[in-house]
Amino acid sequence: MRATFWEESFIEQCFNRIFQGMSFKGIGLELSRVKEIVEVERINYKLPLLMFLLKDDILLHVEIMTDRIQPDIISMLTYDMSIVLRYRMRIKNVILNFGSRQNGNFEKSFGSVYYNAQIVDISGLDGERVHEEISQKISSGFPIDEADKLNLVFLAFLQHSLPFNEVLSKVMSLIEKIKDEEERITYLTVISEIVLKATKQGVNVLKEWLIDSEVGVRIKDEGIKEGMRNSLLIILLHKFDSLPDNLYFAITNQQNENILMEWLRKALGINTIDELEKMVFSRNRIKE
């Protein structure tokens with residue numbers, strides 16, 4: 001059973017390259033291995049951070065929590081309920097906690113609706129030690145294992161003595177040392193997507209990676225319009241939480257790569273819906 005009803009995009013290919021076949025037993029989750037990353041439904045509000053289809057056809061919805069980032073339970077509930085009601089699929093909800101130590105479940109009651117997400121505590125991992133261990137493996141050409149992959153993807157969120165933006169910059173520089181081009185681009189893409197979905201921090205650090213790096217060039221050169229639209233929506237939905245229907249559909253229906261790239265360049269500087277409307281509906285935009 002395949003839960004995705006859209007052709008696999010460049011970004012989905014990157015996520016699958018890292019997560020396909022992965023087990024989460026190393027962090028205490030007794031679940032089936034990952035079959036693939038999925039986006040079951042494209043809806044006009046904040047998308048889940050990670051949604052995996054497991055080999056037993058259960059959907060695994062993953063969010064993260066730090067001392068500064070709290071999961072948006074209402075968005076999680078809204079998205080999950082739309083999937084349950086439309087597709088009758090089972091969903092396992094997990095919050096990875098990288099902040100102060102916290103175990104148990106995240107529970108919330110909305111009248112007759114009860115929402116429960118399991119908290120997996122990863123606060124004990126020393127980010128600087130993990131960074132050093134993975135850096136040594138990459139420098140020596142030694143293959144990284146399943147646990148290393150998971151640690152590398154979330155390395156910027158682990159406990160560090162430096163501010164988040166500085167840590168993120170160090171992580172991106174570490175990825176640049178990976179010798180295999182496909183693997184390097186894969187990690188740059190996946191980490192960029194996760195950071196942009198999870199937090200408004202790091203946008204300036206990621207700007208050059210999204211636009212001027214191998215990732216941005218690769219997306220444009222391969223004509224992966226879907227990946228460009230997704231990146232744009234991620235940025236905008238983090239700024240505004242939701243978008244008016246006319247803007248949402250104008251973006252998702254745009255087919256011109258040059259226009260999408262221009263919007264992506266400008267989106268980081270957009271601060272109001274009015275500014276966004278001028279950008280999207282301007283008669284002076286790049287000619288199609």
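Residues numbered from 1 in each chain as written. Predicted model: local features only at pLDDT ≥ 70, side-chain atom pairs only at ≥ 80, totals over all residues. Heavy atoms only, no water.

1. Here's the deal with the overall build of the protein
Step number 1: Assigned secondary structure in the protein consists of twelve helices and six strands.
Step number 2: Out of the 288 residues belonging to the protein, those deemed buried represent 53%.
Step number 3: Sequence-distant contacts, at least 24 apart, represent 66% of the contacts inside the protein between residues at least 6 apart.
Step number 4: On the protein, roughly 13800 Å² of surface is accessible, and the fraction owed to carbon and sulfur atoms is 47%. (Helix = DSSP H or I, 4+ residues; strand = E, 2+ residues; numbered from the N terminus. Buried < 20%, exposed > 50% of the residue type's maximum accessible area, 1.4 Å probe, protein only. Contact = heavy atoms within 4.5 Å. Areas by Shrake-Rupley, 256 points an atom, 1.4 Å probe, with all protein chains shown as cover.)

2. With respect to the confidence of the model for the protein
Step number 1: Residues of the protein with pLDDT of at least 70 account for 85%, and the chain-wide mean is 84.
Step number 2: Least confident of the elements in the protein is helix H8 (residues 214–221), whose mean pLDDT is 62; most confident is helix H3 (residues 127–140), at 96.
Step number 3: Within the model, the stretch residues 1–6 combines pLDDT values under 50 with 19 contacts to residues more than four positions away or in other chains.
Step number 4: Low pLDDT, under 50, characterises residues 283–288; the stretch is placed with eleven contacts to residues that sit more than four places away or in other chains. (pLDDT = per-residue confidence, 0-100.)

3. Section: helix H10 (residues 245–252)
Step number 1: Buried within H10 are the following residues: Leu247, Tyr248, Ala250 and Ile251. All buried residues of H10 fall inside an arc of 165° around its axis, so they share one side. (Arc of directions from axis to C-beta.)

4. Regarding the environment of Arg229
Step number 1: By the secondary structure assignment, Arg229 is in helix H9 (residues 225–240).
Step number 2: Given the relative accessible area of 6%, Arg229 is considered buried.
Step number 3: The spatial distance from the C-alpha of Arg229 to the C-alpha of Trp263 is 9.3 Å, given a sequence separation of 34 residues.
Step number 4: Excluding residues that lie within four positions of it along the chain, Arg229 makes contacts with Ile251, Thr252, Gln254, Gln255 and Leu260.

5. Considering the packing of helix H4 (residues 146–153) against helix H6 (residues 181–198)
Step number 1: Look at H4 against H6: their axes get within 10 Å of each other, and the N-to-C directions meet at 50°. Judged by the angle between their axes, H4 and H6 are oblique. Seen from H4, the contacting residues are Lys149, Leu152 and Val153; seen from H6, they are Tyr187, Val190, Ile191 and Ile194.
Step number 2: Here the residues of the contact of H4 with H6 sort into six nonpolar, no polar and one charged. (Axes fitted to C-alpha atoms, helices over the stretch in contact; angles between N-to-C directions. Parallel < 35°, antiparallel > 145°, perpendicular 65-115°, else oblique. Nonpolar A, V, L, I, M, F, W, Y, C, P; charged D, E, K, R; others polar.)

6. Structural notes on the pattern of salt bridges
Step number 1: Evaluation of the coordinates by the stated rule reveals seven salt bridges.
Step number 2: Glu133 serves as the salt-bridge partner of Arg129, at 2.9 Å between the closest nitrogen and oxygen. With Arg129 and Glu133 both in helix H3 and four residues apart, this pair spans about one turn of that helix.
Step number 3: For Glu133, a relative accessible area of 38% corresponds to the partly exposed category. (Salt bridge = Lys/Arg side-chain N within 4 Å of Asp/Glu carboxyl O.)

7. So, the pairing of strand S6 (residues 113–121)
Step number 1: Pairing geometry for strand S4 (residues 91–97) and S6, over four bridges, is parallel. If you follow Ile95 over to S6, its bridge partner there is Ile119.
Step number 2: Where strand S5 (residues 105–110) lies against S6, six bridges are found, and the strand directions are antiparallel. The partner of Asn105 across the bridge, within S6, is Gln118. (Pairing = 2+ DSSP bridges.)

8. A word on the nonpolar core
Step number 1: One finds Phe19, Phe52, Phe154 and Phe157 to be the most contacted residues of the largest nonpolar core, which totals 80 residues.
Step number 2: With residues up to four places along the chain from it excluded, the contact list for Phe19 reads Val34, Phe52, Leu150, Val153 and Val190.
Step number 3: Counting nine residues, the second-largest nonpolar core is a separate cluster that includes Leu53, Leu59, Ile83 and Met89. (Core = buried A, V, L, I, M, F, W, Y, C linked by side-chain atoms within 4.5 Å.)

9. Let's talk about the sheet that holds strand S2 (residues 50–54)
Step number 1: One open sheet holds the six strands; their spatial order is S1-S2-S3-S4-S6-S5, and the pairing between them is mixed. Each of the sheet's edge strands pairs with one partner strand only, and the pair in question is strand S1 (34–37) and S5. Recorded for the sheet is a direction-independent mean angle of 30° between the axes of neighbouring strands.
Step number 2: In terms of strand pairing, S1 meets S2 through three bridges, oriented antiparallel. Residue Glu36 lies in a different strand from S2, and its bridge partner there is Leu53.

10. Points about the packing of aromatic side chains
Step number 1: Under the counting rule described, the total for this entry stands at seven aromatic pairs.
Step number 2: Judged by centre distance (6.3 Å) and plane angle (15°), the ring pair of Phe15 and Phe19 falls under stacked. In this pair, Phe15 and Phe19 are both assigned in helix H1 (residues 10–19), four residues apart and thus about one turn of the helix distant.
Step number 3: By relative accessible area, which is 1% here, Phe19 ends up buried.
Step number 4: On the basis of an interplanar angle of 35° and a centroid distance of 6.1 Å, the ring pair of Phe98 and Phe157 is categorised as tilted. Highlighted residues: Phe98 in the loop between S4 and S5 and Phe157 in the loop between H4 and helix H5 (164–175), separated in sequence by 59 residues.
Step number 5: Exposure remark for Phe98: the relative accessible area of 3% places this residue in the buried category. (Phe/Tyr/Trp six-rings, centres within 6.5 Å; stacked < 30°, edge-to-face > 60°.)

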